[in-house]
Amino acid sequence: MNPELDLGIDRVIRAPRKVVWDAWTDPDSLARWWIPAPTVCRVDRLEVRPGGGFVTRMSDDGVAFAPHVDACFLVVEEFERLVFTTAVDSRWRPANPEPVAMTAEVVFADHADGTDYRVVVRHGDPAARDLHAELGFADGWGGVTDQLARFVESTR
């Protein structure tokens, strides 16, 4: 991780790695934790394979949904790693997403207490990294990581 360009989350989640992986790769499960509550998530596409689309929408009222993420998976290593980018959309078109383009790497590893869960979000330049931090990366990604942990820990 390059501290000038990247932001990260490291956490031990008290659930088996496969359970955490499944929460990421099952659309119904992902919708339950992927966006900070009370906002509602809808998963439009979740093609967990290299080149597959990752499209989610969000709603404050559960009726009108706005775009959230339109991304493309770059790397999928089952039960170990997911990498996706918003710099290329789900149709493989170059994208310039608001507020920043990013590439996220999510790593899942066994831990004595469950899963060693690590996220690195990479940015193209320090200004994009700083903007993402200022817009609430720690609260946003940290909050959904908390939601993920509560979701998988409750299913054990």
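For the structure, check the block above.
Not measured: the values here are computed from a predicted model.

### Observations concerning the pattern of salt bridges
So, step 1. Counted by the stated rule, this structure contains 16 salt bridges.
So, step 2. Between R11 and D146 there is a salt bridge, with the nearest N and O atoms lying 2.5 Å from each other. Here R11 is found in strand β1 (residues 6-13), whereas its partner D146 is found in helix α4 (residues 137-154), with 135 residues between them in sequence.
So, step 3. For D146, a relative accessible area of 35% corresponds to the partly exposed category.
So, step 4. For R14, the salt bridge is made with D113, and the minimal N-O distance between the two is 3.8 Å.

### Observations regarding the sheet that holds strand β4 (residues 66-77)
So, step 1. As summarised here, the arrangement of the seven strands in space is β1-β7-β6-β5-β4-β3-β2, forming an open sheet in which the pairing is antiparallel. Either end of the sheet is taken by a strand with one partner, and the two such strands are β1 and β2 (40-46). For this sheet, the mean angle separating the axes of adjacent strands, direction not counted, is 20 degrees.
So, step 2. Of the pairings in the sheet, the one linking strand β3 (residues 53-59) to β4 comprises six bridges and is antiparallel in character. Bridge pairing in β4 places G53 opposite C72.
So, step 3. In the packing of α4 onto the sheet, the strands contacted are β1, β5 (81-85), β6 (103-111) and β7 (114-122), and the crossing angle to β1 comes to about 20 degrees.

### Some words on the nonpolar core
So, step 1. By size, the foremost hydrophobic cluster in this structure holds 35 residues, and its most contacted members are W24, W33, W34, F54, F84, Y117 and W141.
So, step 2. When residues of this core are assigned to their parent elements, the largest contribution, seven residues, is made by α4.
So, step 3. Residues within four places of W141 in sequence aside, it is in contact with I9, W34, F84, M102, A104, V119, V121 and H132.

### Observations regarding helix α3 (residues 126-134)
So, step 1. Of all the positions in α3, only A128, R129 and H132 are classed as buried. The buried residues of α3 occupy an angular sector of 100 degrees when projected down its axis, which confines them to one face. Structural note: α3 exposes A127 and E134 on the side pointing more than 90 degrees away from its buried face.
So, step 2. Where α3 begins, the side chain of D125 points an oxygen toward the backbone nitrogen of A127, at a separation of 3.1 Å.
So, step 3. At the exit of α3 stands G136, carrying a positive phi of roughly 110 degrees.

### A few points about the environment of H132
So, step 1. Mapped onto the elements of the fold, H132 is located in helix α3.
So, step 2. Overall, H132 belongs to the buried group, its relative accessible area being 10%.
So, step 3. Residue contacts for H132: discarding those within four places in its chain leaves L7, V100, M102, V121, H123, F137 and W141.

Rules of the game
- Residues numbered from 1 in each chain as written.
- Predicted model: local features only at pLDDT ≥ 70, side-chain atom pairs only at ≥ 80, totals over all residues.
- Heavy atoms only, no water.
- Salt bridge = Lys/Arg side-chain N within 4 Å of Asp/Glu carboxyl O.
- Helix = DSSP H or I, 4+ residues; strand = E, 2+ residues; numbered from the N terminus.
- Buried < 20%, exposed > 50% of the residue type's maximum accessible area, 1.4 Å probe, protein only.
- Pairing = 2+ DSSP bridges.
- Axes fitted to C-alpha atoms, helices over the stretch in contact; angles between N-to-C directions.
- Contact = heavy atoms within 4.5 Å.
- Core = buried A, V, L, I, M, F, W, Y, C linked by side-chain atoms within 4.5 Å.
- Arc of directions from axis to C-beta.
- Polar contact = N/O pair within 3.5 Å; in protein donor to acceptor, adjacent residues only side chain to side chain.

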